[in-house]
Every structure is written in structure tokens, then in C-alpha cells.
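Here are the chains, one letter per residue:
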Amino acid sequence: MNPSHITVNGVNKIFKTGGNEVVALKDITLEIPQGQFVCLLGPSGCGKSTLLNAIAGFALPSSGTIVADGQLVTGPGPERGMVFQEYALFPWMTVEKNIAFGLEIKGMAQAQINAKVDQLLGMLSLSDFRHRFPKDLSGGMRQRVAIARVLALDSPIMLMDEPFGALDALTRRNLQDELLRIWAELKKTIIFVTHSIEEAIYLADRIVVMTYRPGTVKRDLMVDLPRLRDPSAAAFNTLKRELGQLVMEEQQRHHTDELRMAAVD
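Residues numbered from 1 in each chain as written. Predicted model: local features only at pLDDT ≥ 70, side-chain atom pairs only at ≥ 80, totals over all residues. Heavy atoms only, no water.

Where do I start with the overall build of the chain in this structure?
Across its full length, the chain carries seven helices and 10 strands. Taken along its principal axes, the extent of the C-alpha atoms in the chain is 60 × 45 × 40 Å. Expressed as a percentage of contacts within the chain between residues at least 6 apart in sequence, the contacts between residues at least 24 apart total 69%. Summed over its atoms, the accessible surface of the chain is roughly 12,700 Å², and 54% of this surface lies on carbon and sulfur atoms. Between the centroid of the 29 positive side chains of the chain and the centroid of its 30 negative side chains there is a distance of 1 Å. (Helix = DSSP H or I, 4+ residues; strand = E, 2+ residues; numbered from the N terminus. Contact = heavy atoms within 4.5 Å. Areas by Shrake-Rupley, 256 points an atom, 1.4 Å probe, with all protein chains shown as cover. Lys, Arg positive; Asp, Glu negative; His and termini not counted. Charge placed at Lys NZ, Arg CZ, Asp CG, Glu CD.)

Quick look at the structure:
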């Protein structure tokens, strides 16, 4: 196995709201090797995005430690690139300027910036859209730009928070295939949050199923299916049923909790 690229050790996260404490994460421990594609799966409220934000350095743990690319995580860092569901593009910048922005901040020479931007425009089929503004692009194209902007910084770790969740099914599958191609080519370590069981099986080397609050690791399993994966295949659907049962158990706990809280009110 490759050396650990991300180590999450005994992580807890507690939010304080109105004098109450909400335990979002409880005793999360994970070792993620370099180059592995990991999906965090579970229903809303299970702490998937909270864990991702902790790894990104946006929301530090209440206790426990996270080490990424050999560095203790104490805040955001260049070794961890983040792709959000909402694209997070600068609307006043063209596609090429959005991609170049981080490189300009780093002080890279203009010739190097131009070469890198050209490479990424080609890699993500954006060359014909380089002078467009985000408002003139489809959702799928905007997400391609967001991915290209992270890739421009050459971060060895990519963190992705339901990046395809707002897209139609066809665009979503196309971008899933693009992401797998890029991952195979660039050997990035990817942690990808999703609530879609099929998406997790289609993409991941490994799926971490999380429990409803407090978020803990319910199941950590390797996806032993050849790529590219066929969602109609028997083995794919056997795993889909197994994961579906695990997620539905947590969804039911969520529903029961909501009913109990409503009864108290």
C-alpha cells in the first residue's frame, strides 16, 4: 500500500448553538493512501461535509488531529484544493482568468501561467470557451472551470463537496467520466462527498459510510469492481443494495430523531 497521504486521528467536532452542543463528528479515524479515490457517503446530517471541511482546514476539529501531505492541518493549505457544489467562480473574470487567478497570486511567470491555462483548457474541453464569463456557461461548464482552477494549483489532494449534485443526470455522468480520466492521469488523492450511492460506487476505490449525527464511520469498504464500471452489472447492484441498506438505516434514525424532537416541542 502507498504511504498515508491523509491521516485523520480521533477527530471530534462539536458546534455550540444557543447554549446547546451538537456533536457533528465523533472519534473519526481514517488512513488514506496517496492516490486513492475515497467517497464519503451518507444521508444529510451525517457530517460528511463537516469532515471534508475539517480536512480542508476550514473548520478545525474540537479534538483530534488531521495530517495531510505530511503537514498538520491548522488551516487551509495549497496542498489541498477544494471544489464546491456552487462553483465559486469570479463572475467578473473570463474562464481563462478564473483558471489563472491562483497562479497569478503565487507570482508565477506569465509564460508559465499561459502554458498551464492552455493545458487545462484542453484537458477539460474548455478551449472554445476561454473568453466567456461564468454567466454565459452551463452548470456543467462552470464546474469544469472550477475543477480546472483547482488543478492549476497542482494540489496533490483534491477535496470535492458534492460537486455534481446540482447537475442533470447526463452532464453528471459526463463529468464523472472526466474526473476519473483526470484522476487516472494525474494520480491525485481525492476525497469526494456524495449522498448518491450509485455515484459513490461508480467513482470510488473506497467508500466510507457515515452514521447520522454524531457522525462516525459506520462502514469502510473497498470497491472491488473493474473500471469503467457498469451500473447495470449484477455486482454493481449487489453492492448498491448493501450500501442502500446501510444508508437507509441512518436515514431512518434521522427520521426517528426528528419525530422525537417534534414530540418534545
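What exactly am I supposed to notice about the packing of helix H3 (residues 110-123) against helix H4 (residues 139-152) here?
Any two packed helices are characterised by the angle at which their axes cross and by the distance between the axes. Where H3 contacts H4, the axes come no closer than 10 Å and their chain directions differ by 140°. One finds that H3 runs oblique with respect to H4. For the crossing formed where H3 meets H4, the hand is right-handed. Residue-level inspection shows Lys116, Leu120 and Met123 of H3 in contact with H4, the latter providing Ala148, Leu151 and Ala152. By residue class, the composition of the contact of H3 with H4 is five nonpolar, no polar and one charged. (Axes fitted to C-alpha atoms, helices over the stretch in contact; angles between N-to-C directions. Parallel < 35°, antiparallel > 145°, perpendicular 65-115°, else oblique. Left-handed = near helix turned anticlockwise from the far one by under 90°. Nonpolar A, V, L, I, M, F, W, Y, C, P; charged D, E, K, R; others polar.)

In this structure, what is going on with the packing of aromatic side chains? I would like to understand it.
Two numbers describe a pair of aromatic rings. These are the distance of the centres and the angle of the planes. Tallied over the entire structure, the rule returns six aromatic pairs. An angle of 35° between the planes, with centres 5.1 Å apart, marks the rings of Phe90 and Trp92 as tilted. An aromatic cluster is built from Phe37, Phe164, Trp183 and Phe192, whose rings are joined through pairwise contacts. Across from the ring centre of Tyr202, 4.0 Å away, lies the NZ or CZ of Arg173, which sits over that ring. (Phe/Tyr/Trp six-rings, centres within 6.5 Å; stacked < 30°, edge-to-face > 60°. Lys NZ or Arg CZ within 6 Å of the ring centre and 35° of its normal.)

Help me out: how do you make sense of the sheet that holds strand E3 (residues 37-41) in this one?
Each strand in a sheet pairs with another by means of backbone hydrogen bonds, the pair being arranged parallel or else antiparallel. Taken together, the six strands give an open sheet; going across it, the order is E6-E7-E8-E3-E9-E10, and neighbouring strands pair in mixed fashion. The open sheet is flanked by strand E6 (80-83) and strand E10 (217-222), the only strands paired with a single partner. Looking at each pair of strands side by side, their axes are set apart by 15° on average, direction ignored. Contacting E6 and strand E7 (157-161), H4 crosses the sheet at an angle of about 175° to E6. (Pairing = 2+ DSSP bridges.)

I tried to follow the layout of surface pockets on my own but got confused; where do I start?
If a probe as big as a water molecule is rolled over the atoms, it shows which places are left empty. In this structure, the largest pocket spans a volume of roughly 400 Å³. Met82, Gly102, Arg149, Val150 and Leu153 are, among the 19 residues lining the largest pocket, the residues nearest its centre. Only E6, helix H2 (95-105) and H4 provide two or more residues apiece to the lining of the largest pocket. If you tally residues by element for the lining of the largest pocket, the top one is E6, at four residues. Counted by class, the lining of the largest pocket contains 12 nonpolar, four polar and three charged residues. (1 Å grid on protein atoms, 1.4 Å probe; cavity = no way out; pocket = protein on both sides within 12 Å on 5 of 7 lines; lining within 4 Å. Points joined across faces, edges and corners; volume = space filled by probe spheres on them.)

I'm lost on the state of the cysteines in this one. Help?
Disulfides are covalent bonds that connect the sulfur atoms of two cysteines. Across all of its chains, the model carries zero disulfides by this definition. Cys46 supplies the cysteine sulfur nearest to Cys39, a cysteine that is in no disulfide, at a spacing of 13 Å. Looking at Cys39, the relative accessible area reads 0%, which means it is buried. (Disulfide = S-S within 2.5 Å. Buried < 20%, exposed > 50% of the residue type's maximum accessible area, 1.4 Å probe, protein only.)

For this particular structure, what's the right way to read the sheet that holds strand E2 (residues 20-33)?
On the basis of which strands lie adjacent, the open sheet formed by four strands has the order E2-E1-E4-E5 and antiparallel pairing. Taken across any chain shown, the strands that pair with only one partner, and hence form the sheet edges, are E2 and strand E5 (71-72). Bridge count between strand E4 (residues 63-68) and E5: two bridges; the pairing is antiparallel. In the sheet register, Val67 faces E5, and the bridge partner there is Leu72.

I'm lost on the packing of H2 against H3 in this one. Help?
Packing of H2 against H3 brings their axes to within 10 Å, and their N-to-C directions diverge by 130°. In this view, H2 runs oblique relative to H3, as classed from their interaxial angle. Where H2 crosses over H3, the handedness of that crossing is right-handed. Two secondary-structure elements touch here, H2 through Val95, Glu96, Ile99, Ala100, Leu103 and Glu104 and H3 through Ile113, Lys116, Val117, Leu120 and Leu121.

Keep in mind that these numbers describe shape and distance, not what the molecule does.
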